[in-house]
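Overview (structure and organization)
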Amino acid sequence: MKKISYLFLSLAAFLLASCSSDKELLHVTLADNALVFTPAAGGAVLHYALPDDPDIVGIHVRYTDCYGQPILRTGSTLSDSVKLIGFNEAQQNIPCEVTMQLRNGSESAPIEKSFSTLDSDPIQFINTMKVESGWDGFSINYKAPEDVKGLYHVYAYDIRVVRQRVVKHRA
């Protein structure tokens, strides 16, 4: 009877410990250069090197964009970078949280980081555009970012004042 009571108490203690709501987060150790942020037009690029652990299958980056909206960007072991988007003007020291995605669907303990951004292509165009007159027209020049993607449409209207001559016929 004593053995059955001891077995029952041990089983109850084990079940109680396994049902605990306090989950201990896995702390992942990364190399010093495992997370490198590079500013880019309208955001940044996170270059990462995940540890050689079969339980780690991806990476999550959480931050807030320029409109105050929470953003989640993800990457996997099949890539080595994640593009962080959502910014117009250049900003410095934007806080973010980086976690590792584990095979069982959970995440590791968060790693606090920060990154900086560059002006987006349209903001760069607006801030650096210069209209210069030239022979028979004008030219538009601006300082283009390294990796320009997209197309700008510039509409020009030729507004001329034409004198109209009114002729009255006499009969």
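Before going into details, it helps to say that this report is about the structure given with it. Please read these numbers as outputs of a predicted model, since none were measured by experiment.

What counts and how
- Residues numbered from 1 in each chain as written.
- Predicted model: local features only at pLDDT ≥ 70, side-chain atom pairs only at ≥ 80, totals over all residues.
- Heavy atoms only, no water.
- Pairing = 2+ DSSP bridges.
- Helix = DSSP H or I, 4+ residues; strand = E, 2+ residues; numbered from the N terminus.
- Axes fitted to C-alpha atoms, helices over the stretch in contact; angles between N-to-C directions.
- Patch = residues over 30% accessible without salt bridge, like charges linked within 9 Å, V, L, I, M, F, W, Y side chains within 5 Å.
- Areas by Shrake-Rupley, 256 points an atom, 1.4 Å probe, with all protein chains shown as cover.
- Salt bridge = Lys/Arg side-chain N within 4 Å of Asp/Glu carboxyl O.
- Buried < 20%, exposed > 50% of the residue type's maximum accessible area, 1.4 Å probe, protein only.
- Phe/Tyr/Trp six-rings, centres within 6.5 Å; stacked < 30°, edge-to-face > 60°.

This paragraph deals with the sheet that holds strand β6 (residues 94-102). Across the sheet, four strands lie side by side as β4-β3-β6-β7; this open sheet has antiparallel pairing. Whereas interior strands pair on both sides, the edge strands pair on one side only; in this sheet they are β4 (70-76) and β7 (111-115). Strand after strand, the sheet turns through a mean of 30° between neighbouring axes, direction not considered.

This part takes up a nonpolar patch on the surface. Together, M129, V131 and F138 make up an exposed nonpolar region whose accessible area comes to about 290 Å². Examined against the element boundaries, M129 turns out to sit in the loop between α2 (121-128) and β8 (130-134). Of the residues examined, M129 reaches a relative accessible area of 35% and is grouped as partly exposed.

On to the packing of aromatic side chains, then. For any two aromatic rings, the description comes down to two numbers: the centre-to-centre distance and the angle of the planes. Across all of its chains, the model carries five aromatic pairs by this definition. Note on F37 and F115: the rings are 5.7 Å apart at their centroids and 20° apart in plane angle, and the pair reads as stacked. Note that F37 is positioned in strand β1 (residues 35-40) and F115 in strand β7, a separation of 78 residues in sequence. For F115, a relative accessible area of 3% gives the class buried. Centroid distance F87 to F115: 6.0 Å. Interplanar angle 75°. Geometry classified as edge-to-face. Pair noted here: F87 is in the loop between β5 (81-85) and β6 and F115 is in strand β7, with a separation of 28 residues, a long-range link.

Next up on the list: the sheet that holds strand β2 (residues 43-48). Two pairing modes exist for strands in a sheet, parallel and antiparallel, and in both the strands are linked by backbone hydrogen bonds. Across the sheet, which stays open at both edges, the three strands sit in the order β1-β2-β5 with antiparallel pairing between neighbours. Each having just a single partner strand, β1 and β5 make up the two edges of the open sheet. Mean inter-strand twist for the sheet, computed between neighbouring axes without regard to direction, equals 20°. Alignment of β2 against β5, held across five bridges, turns out to be antiparallel. Counted as the bridge partner of G43 is I85 from β5.

This part covers unusual backbone geometry. Positive phi values are uncommon outside glycine, yet N93 reaches one of about 50°. Structurally, N93 is set in the loop between β5 and β6. Taking relative accessible area as the criterion, N93 reaches 56% and is therefore assigned exposed.

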